[in-house]
Amino acid sequence: MLRSRGARAGSTLLRALLGLGPGRAASGARGQGWLRPAGHDTGVMVYNSLTRRKDPLIVGRADAASWYSCGPTVYDHAHLGHACSYVRFDIIRRILTRIFGCNIIMVMGITDVDDKIIKRAREVLPPTVYLRVTETIPQIISFIEGVIAKGHAYPTAKGNVYFDLRSRGDKYGKLVGVAPGPVGEPVDSDKRHASDFALWKAAKPQEMFWASPWGNGRPGWHIECSTISSLVFGSQLDIHSGGIDLAFPHHENEIAQCEVFHQCEQWGNYFLHSGHLHVKGKEEKMSKSLKNYITIKDFLKTFSADVFRLFCMRSSYRSAIDYSDGTMLEAKHLLLATAAFVEDARAYMKGQLVCGPVREDVLWERLSHTKGAVKAALADDFNTPGAVDAVMDLIHHGNRQLKAVTKEPGGPRSPAVFGSIVSYVEQFFETVGISLADRQFVSGDSSSATLHSVVEELVRFRLKVRQFALATGEATREARRQQLLERQPLLEACDALRRDLVAHGISIKDRSSTSTWELLGQRAENHKPGS
């Protein structure tokens, strides 16, 4: 769960992984003790933080793979740093479900204990089920009692309960390979050892609290997720995910708690961690504490959710990603180009866009190659940048065929191959949660609906004028020539209007019997008058 202390934890983790951080190395080599699970092989190789290598992703059941995600602790409006992690893992969830046939049961725990958070935390992406900490206090108390009974935790006279880290021995550090070194503790600390961490905290004045066998208090940070996950999935978990800053100490402590409670050798089989969202030009993650964040609400006033999702796909989910207006514009332009291709391909299929002979054999081969390349990329640790590149290359080849425009109609046509390409492109983007068809506008623009209606009427009127100017009926050749000459000013006015609208972000495309338009600068919006 995301808290302000996560920044310190993330820094500790990153330094430890580079051999720069404080703390001592765990005695066991990371990855050597990992137990390869039995069950259904998804066909995906996934980078497992437990082993720090790519392992075959094997889940207990293909129809019910268990996935726990640490939920957000959100003050006021969530920011893009929160959204980036959840969007990335939502994309992975969709890929596993829709491409590799793995039904995911995702559970998310929502922290809402603190006064400032309760009733203000909200999900970024919907899990199968979510549980709030305040709904599971009795189960948390029972879990703590179980850890105490097994000799791995102790209560104090002050009403606190701590996990006895030394009782874990050399099993601590499975995830990050480090155990915490000495830390500064208050002189009145009631811990046995400085590295012990809290399972239950005695109540302080003005804090929310619950009654427990140890007195009034509230749960520690790490015990919340362990309890909620165990409540649904028991002693075995296929996948656990979160931001890289949660790996230590949060996920490491979850492992310790669950493995001693369930008395199991390996509680979680795969730990997936996403990289931070950075503000471009700075080596710091986007966070509220650093005051460098952009709220989701403010972002959606400028860009659409689909643009942000494509932006997230253009880098590995494990890597840090730089946010800037430039990178967002690049993602938006890719969506615009994709939607424009789909519209042109549909116009060709309808006979509204006339081209020369199409190299159908080339396009069928490129489509087959793209399908294989996309699946191979996604099977390799969910390589979304590689998959997007493959799809955009297919679009490039399709556009090359559509650009061969001639004024002479007739000749062989190849609508089937373009229909297959359009279907595949739309299916790919729909799989990862991006819509090329929905008429979405950025939020916060109350005039969008009105603007849409005005443009529809304007383009419809222009189409009627243009059709009248081009219609000559069954007149003689000389009479048709005279009519076209007399109506030329109408055609010139139509062309001038089209050019003028481009300056306002509206692009009109004239086909043989109709006209379509795009609203540029917001999202890939393609329309046919009256549709």
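In short, a report on the structure. Quick caveat, the model's predicted, so the values are computed rather than measured.

Topic: the overall build of the protein
Turning to step 1, where the next piece is worked out: Helix and strand counts for the protein stand at 13 helices and 18 strands.
Turning to step 2, where the next piece is worked out: A total of about 23900 Å² of accessible surface is found on the protein, and carbon and sulfur atoms cover 53% of it.

As for helix H2 (residues 80–98)
Turning to step 1, where the next piece is worked out: With 19 residues, H2 extends 26 Å between its outermost C-alpha atoms, agreeing within 8% with the 27 Å of an ideal straight helix rising 1.5 Å per residue.
Turning to step 2, where the next piece is worked out: Most of H2 sits out of view: 15 of its 19 residues are buried.

Thoughts on the environment of Thr302
Turning to step 1, where the next piece is worked out: Tracing the chain through its elements places Thr302 in the loop between helix H6 (296–299) and helix H7 (305–313).
Turning to step 2, where the next piece is worked out: The class of Thr302 is partly exposed, set by a relative accessible area of 47%.
Turning to step 3, where the next piece is worked out: Sequence separation between Thr302 and Met328 is 26 residues, and the spatial gap between their C-alpha atoms is 9.9 Å.

Notes on unusual backbone geometry
Turning to step 1, where the next piece is worked out: Pro249 follows Phe248 through a cis peptide bond whose omega is 5°.
Turning to step 2, where the next piece is worked out: Along the chain, Pro249 falls in helix H5 (residues 247–262).
Turning to step 3, where the next piece is worked out: The phi angle at Phe382 is positive, at roughly 55°, despite the residue not being glycine.
Turning to step 4, where the next piece is worked out: For Phe382, a relative accessible area of 2% gives the class buried.

Quick notes on the sheet that holds strand E10 (residues 197–202)
Turning to step 1, where the next piece is worked out: Here we have four strands laid out as an open sheet, ordered E7-E8-E10-E11, and antiparallel in their pairing. Since the sheet does not close on itself, it has two edges, and those belong to strand E7 (153–155) and strand E11 (217–219), each with one partner. Pairs of neighbouring strands in the sheet enclose a mean axial angle of 20°, with direction left out of account.
Turning to step 2, where the next piece is worked out: Here E7 pairs with strand E8 (residues 161–163) via three bridges, running antiparallel. Bridging across to E8, Tyr154 finds its partner in Tyr162.
Turning to step 3, where the next piece is worked out: Contacts from helix H3 (residues 137–149) reach E7, E8, E10 and E11 within the one sheet, and its direction differs from that of E10 by about 125°.

Topic: the side chain of Asn253
Turning to step 1, where the next piece is worked out: With respect to the helices, strands and loops of the structure, Asn253 is situated in helix H5.
Turning to step 2, where the next piece is worked out: At a separation of 2.5 Å, a polar atom in the side chain of Asn253 contacts the side chain of Tyr172.
Turning to step 3, where the next piece is worked out: In this structure, Asn253 is in contact with Tyr172, Phe197 and His222, ignoring residues within four places of it in sequence.

Some thoughts on a nonpolar patch on the surface
Turning to step 1, where the next piece is worked out: A contiguous nonpolar patch, built from Val129, Leu231 and Val232 and spanning about 210 Å² of accessible area, is present on the exposed surface.
Turning to step 2, where the next piece is worked out: As for its position among the elements, Val232 is in helix H4 (residues 221–233).
Turning to step 3, where the next piece is worked out: Of the residues examined, Val232 reaches a relative accessible area of 38% and is grouped as partly exposed.

Remarks on the sheet that holds strand E5 (residues 104–110)
Turning to step 1, where the next piece is worked out: With respect to topology, five strands assemble into an open sheet ordered E6-E5-E4-E12-E13, the strand pairing being parallel. What marks the edges here is a single partner per strand, and that holds for strand E6 (129–132) and strand E13 (268–274). Within this sheet the neighbouring strands show an average axis-to-axis angle of 20°, counted without direction.
Turning to step 2, where the next piece is worked out: For strand E12 (residues 237–243) and E13, the ladder comprises six bridges, and the chain directions are parallel. Residue pairing for E13: Ile239 is matched across the bridge by Tyr270.
Turning to step 3, where the next piece is worked out: Its contacts with the sheet place H2 against strand E4 (65–70), E5, E12 and E13, and it is angled at close to 175° to E4.
Turning to step 4, where the next piece is worked out: Strand contacts of H5: E4, E12 and E13, with the helix running at about 160° to E12, the strand carrying the most contacts.

A closer look at the nonpolar core
Turning to step 1, where the next piece is worked out: Grouped together as the largest cluster of nonpolar side chains are 115 residues, with contacts concentrated most on Leu96, Phe308 and Phe382.
Turning to step 2, where the next piece is worked out: Counting residues in each nonpolar core, the second largest holds six residues, with Val455, Val459, Leu501 and Trp517 among its members.

Side note on the pairing of E10
Turning to step 1, where the next piece is worked out: The buried fraction of E10 is high, at five of six residues.
Turning to step 2, where the next piece is worked out: Relative to E10, E8 is paired through three bridges, and the arrangement is antiparallel. The residue of E10 that forms the bridge with Phe163 is Phe197.
Turning to step 3, where the next piece is worked out: Examined bridge by bridge, E10 and E11 share three bridges and lie antiparallel to one another. Bridge pairing links Ala202 to Gly217 in E11.

Some words on the pattern of salt bridges
Turning to step 1, where the next piece is worked out: Applying the stated rule across the entire model yields 24 salt bridges.
Turning to step 2, where the next piece is worked out: The residue Lys174 makes a salt bridge to Glu259 at a minimum N-O spacing of 3.0 Å. Pair noted here: Lys174 is in the loop between E8 and strand E9 (178–179) and Glu259 is in helix H5, with a separation of 85 residues, a long-range link.
Turning to step 3, where the next piece is worked out: With a shortest N-O distance of 2.7 Å, Arg366 and Asp393 are connected by a salt bridge. With a gap of 27 residues between them, Arg366 in helix H9 (residues 360–379) and Asp393 in helix H10 (residues 384–402) connect regions that are remote in the sequence.
Turning to step 4, where the next piece is worked out: Through salt bridges that share partners, Arg462, Arg466, Asp495, Arg498 and Asp510 make up one connected network.

Topic: the packing of helix H8 (residues 325–350) against helix H11 (residues 415–431)
Turning to step 1, where the next piece is worked out: In contact at an axis separation of 9 Å, H8 and H11 are set at 150° when each is read in the N-to-C sense. When the interaxial angle is binned, H8 and H11 end up roughly antiparallel. Seen from above, H8 lies across H11 with left-handed handedness. Contact residues: H8 offers Thr338, Phe341, Val342, Ala345, Arg346, Tyr348 and Met349, while H11 offers Pro415, Phe418, Gly419, Ile421, Val422, Val425, Glu426 and Phe429.
Turning to step 2, where the next piece is worked out: Residues belonging to the contact of H8 with H11 are distributed by class as follows: 11 nonpolar, two polar and two charged.

Considerations on the side chain of Ser226
Turning to step 1, where the next piece is worked out: For Ser226, the position within the fold is in helix H4.
Turning to step 2, where the next piece is worked out: Ser226 has contacts with Phe143, Glu254, Gln257 and Cys258, leaving out every residue within four places of it along the chain.

Some remarks on the packing of aromatic side chains
Turning to step 1, where the next piece is worked out: Under the defined criterion, the tally for this structure stands at 16 aromatic pairs.
Turning to step 2, where the next piece is worked out: Both rings, one in Trp67 and one in Phe89, keep their centres 6.2 Å apart while their planes meet at 85°; by these two values the pair is edge-to-face. Here the residue Trp67 occupies a position in strand E4, and Phe89 occupies one in helix H2, the gap between them amounting to 22 residues. Assigned by exposure class, Trp67 and Phe89 land together as buried.
Turning to step 3, where the next piece is worked out: Look at Phe299 and Tyr323: their rings are 6.4 Å apart centre to centre, the planes differ by 65°, and that puts the pair in the edge-to-face class. Taken together, the residues span a long stretch of sequence, with Phe299 in helix H6 and Tyr323 in strand E15 (residues 321–323) at a distance of 24 residues. Across the pair, exposure class does not vary: Phe299 and Tyr323 are buried alike.
Turning to step 4, where the next piece is worked out: Members of the aromatic cluster, connected to one another through ring pairs, are Phe299, Phe303, Phe308, Phe311 and Tyr323.
Turning to step 5, where the next piece is worked out: It is Arg192 that lies over the ring of Tyr154; its NZ or CZ is 4.1 Å from the centre.
Turning to step 6, where the next piece is worked out: Looking at Arg413, its charged tip hangs above the ring of Tyr348, at a distance of 4.8 Å from the centre.

Rules used in this analysis
Think of each chain on its own: its residues are numbered from 1, step by step along the sequence as written. Residues qualify for local features only when their pLDDT is at least 70, as the model is predicted, and side-chain atom pairs are given and counted only at 80 or more; totals for whole chains, interfaces and linings, by contrast, use all residues. Side-chain calculation: all heavy atoms of the structure are included, whereas hydrogens and water are not. Helical segments are the DSSP runs of H or I of at least four residues, strand segments are the runs of E of at least two, and each set is numbered from the N terminus. Every accessible area reported is derived by Shrake-Rupley at a probe size of 1.4 Å, with residue values counting cover from the shown protein chains alone. An expected span of 1.5 Å times one less than the residue number is assigned to each helix. When a residue's accessible area, from a 1.4 Å probe over protein chains only, is under 20% of the maximum for its type it is buried; when over 50% it is exposed; and in between it is partly exposed. At least two DSSP bridges between two strands are required for those strands to pair. Interaxial angle, 0 to 180 degrees, is taken between N-to-C directions of lines fitted to C-alpha atoms, where a helix line uses only the stretch in contact. Contacts were defined at the residue level, with two residues in contact if any of their heavy atoms lie within 4.5 Å. Counted as a polar contact is a pair of N or O atoms within 3.5 Å, where, for protein atoms, one must be capable of donating a hydrogen and the other of accepting one, and residues adjacent in sequence contribute only when both atoms are in side chains. Patches draw on residues past 30% relative accessible area with no salt bridge. Two like charges within 9 Å are joined, as are two nonpolar side chains (Val, Leu, Ile, Met, Phe, Trp, Tyr) within 5 Å. Salt bridges are defined by distance alone: a side-chain nitrogen of Lys or Arg within 4 Å of a carboxyl oxygen of Asp or Glu. Nonpolar cores were defined as sets of buried Ala, Val, Leu, Ile, Met, Phe, Trp, Tyr and Cys residues, with membership established by side-chain atoms within 4.5 Å. Any angle between 65 and 115 degrees counts as roughly perpendicular, while under 35 counts as roughly parallel, over 145 as roughly antiparallel, and the rest as oblique. Take the far helix as the reference: if the near one is turned anticlockwise from it by less than a right angle, the crossing is left-handed, and if turned clockwise, right-handed. Lys, Arg, Asp and Glu make up the charged group, whereas Ala, Val, Leu, Ile, Met, Phe, Trp, Tyr, Cys and Pro make up the nonpolar group; the residues left over, Gly among them, are polar. Whether two aromatic rings pair depends on their centres lying within 6.5 Å, for rings of Phe, Tyr and Trp, where Trp uses its six-membered ring; planes under 30 degrees apart make the pair stacked, over 60 edge-to-face, and the rest tilted. The criterion is that NZ of a Lys, or CZ of an Arg, lies within 6 Å of the ring centre and within 35 degrees of the ring normal, and then a charge sits over that ring.

Shape descriptors only; they carry no functional weight alone.
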